[in-house]
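# Per-entry structural report
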Amino acid sequence: MGKASRQLNLAFIGFGHVGRAFARLLIGRRAWLGRELGVECRVTGIATLDHGMAIDHAGLPLDKILRSRKTGSNLQRCHNGPACTTTTDFVRQCGADVLFEMSVLNLTGEPAATYIREALGAGLHVVTINKGPVATQFRELTRLARLRAVRFLYEGTVMDGAPVFNLVRQTLPASRILSVRGILNSTTNYILTQMEQGASFESALAYAQEQGIAEADPTLDLDGWDAAAKVSILIQAMMGGSTKPSEIRREGISEETGKLVRAAVRRDRRVRLVARAYRQGGQLIGKVEPEELEMFDPLASIRGLSNILILNTDTMRELAIVENNPGVEQTAFALFSDLVTLLRRPQA
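Each chain carries its own residue numbering, running from 1 in the direction its sequence is written. The predicted origin of the model limits local features to residues at a pLDDT of at least 70 and limits the giving and counting of side-chain atom pairs to 80 or more, whereas totals for whole chains, interfaces and linings rest on all residues. To obtain the side-chain values, all non-hydrogen atoms of the structure were included, while hydrogens and water were left out.

## Comments concerning the overall build of the protein
Stated precisely, the cut-off is as follows: Secondary structure elements follow DSSP: runs of H or I of four or more residues count as helices, runs of E of two or more count as strands, with numbering from the N terminus. We compute the radius of gyration from the C-alpha atoms alone; for a globule the expected value is 2.2 Å times N to the 0.38, where N is the number of residues. Relative accessibility thresholds used throughout: buried, under 20% of the residue-type maximum; exposed, over 50%; partly exposed, between the two (1.4 Å probe, protein chains only). Whether two residues are in contact is decided by their heavy atoms, any of which lying within 4.5 Å being enough. Accessible areas in this description were obtained via Shrake-Rupley with a 1.4 Å probe; residue shielding takes into account the shown protein chains only. Positive charge is attributed to Lys and Arg, negative charge to Asp and Glu, and no charge count is given to His or to the chain ends. Lysine's charge is taken at NZ, arginine's at CZ, aspartate's at CG and glutamate's at CD.
Scanning the protein from terminus to terminus reveals 13 helices and 12 strands. Here the protein has a C-alpha radius of gyration of 21 Å; the compact-globule value for 348 residues is 20 Å, and the two agree. When burial is assessed residue by residue, the protein has 56% of its 348 residues classed as buried. Taking as baseline every contact in the protein between residues at least 6 positions apart, the subset at least 24 positions apart corresponds to 70%. Surface exposure of the protein reaches about 15,400 Å², of which carbon and sulfur atoms provide 48%. Computed over 42 positive and 36 negative side-chain charges, the inter-centroid distance for the protein is 6 Å.

Shown next as structure tokens:
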């Protein structure tokens, strides 16, 4: 395909590390999008919690905004149009075809779910990396997207940019997911593997926070809530269930877990925070808890920030997806991957 033949307007809610990485990816892949998909993407709106919001239907100067964000400047100076004071107003006024929702995780799903609902209702495609609204309101939001003939995509909610939902959707037709298990939280896995080597719980957590790996509220990682939200999404999106994060049996890690880690190492075993979902007596059960694993278990070999998900299916038996030391660039790629998905298959 040659020169771009149509314009696609994008808007962002949230413009932190992932949002900026996604913006850089869009700029870097501009020629590819035009050549392969016949599309030119223009960002018409950005809304943030701390740096204001800006809308310009002619297109915001993304390069300039990326440079100025290093100094923490307010986005308002790039705004061109009627005053916009709330994020709901932003969704209504941004003039976008696709909304990328990248706000901070809240396990209630709000206020992100409200913004997503508003956008879908207005006929916008929505792409999110926010686990909260997907885990708590999956059926409502997917139903609304179908009703409005738009896409609601969420690849980045589990394992960053690794193809999880795209893999199942596109390459496992008519397959039934019988169970899943894996290591789905980078922060806790980093802490556990550091404690294996003698590091303290506090120092390992501090490093994860300094690197921007941990959630804004690290207790969401440590208490198992982040992993529980991901298990909930897997159950609802891939296994046909309706289990919410609050219904998943959950045990996190703490400084006391270090004793279990060191005892396991002496027995040539490893402790990992394992997330599971499986079928039992017609029900779908979800669990997140520390488990002592044999060294030959694939999960035992996953160290540091890396993640793994093992799918047990009725057609391909077991498939493993491994993501090695992901960062914000991988999460940004999930947004880009979902953008390409909806461009290739625009209808739900």
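## With respect to the packing of aromatic side chains
Applicable threshold: Aromatic rings from Phe, Tyr and Trp, with only the six-membered ring used for Trp, were paired whenever their centres fell within 6.5 Å, and each pair was classed as stacked if the ring planes differed by under 30 degrees, edge-to-face if by over 60, and tilted otherwise. Either the NZ atom of lysine or the CZ atom of arginine qualifies as a charge over a ring when it sits within 6 Å of the ring centre and within 35 degrees of the ring normal.
Enumeration according to the criterion identifies 10 aromatic pairs in this entry. Between F22 and F100 the ring centres are 4.8 Å apart and the planes differ by 50°, which places this aromatic pair in the tilted class. Note that F22 is positioned in helix α1 (residues 17-28) and F100 in strand β4 (residues 98-101), a separation of 78 residues in sequence. Take F100: its relative accessible area is 0%, and that puts it in the buried class. Put simply, the rings of F12, F15, F22 and F100 pair up and form one aromatic cluster. Its end group placed over the ring of W225, R250 keeps NZ or CZ at 3.7 Å from the ring centre.

## Here we look at the side chain of N189
In plain terms, the rule: Here a polar contact is recorded for every N or O atom pair within 3.5 Å, except that within protein the pair must consist of a potential hydrogen donor and a potential acceptor, and residues adjacent in sequence are included only if both atoms are side-chain atoms.
Mapped onto the fold, N189 is located in helix α8 (residues 186-196). At a separation of 3.2 Å, a polar atom in the side chain of N189 contacts the main-chain carbonyl oxygen of I302. Non-local contacts of N189, meaning those with residues more than four positions away in its chain, are made with I183, R272, I302, R303, G304 and S306.

## Focus: the state of the cysteines
Selection criterion: Any two cysteine sulfur atoms lying within 2.5 Å of each other are counted as a disulfide.
Tallied over the full model, the rule gives zero disulfides. The thiol sulfur of C78 is not disulfide-bonded, and the nearest other cysteine sulfur, from C84, lies at 14 Å. C84 supplies the cysteine sulfur nearest to C94, a cysteine that is in no disulfide, at a spacing of 8.6 Å.

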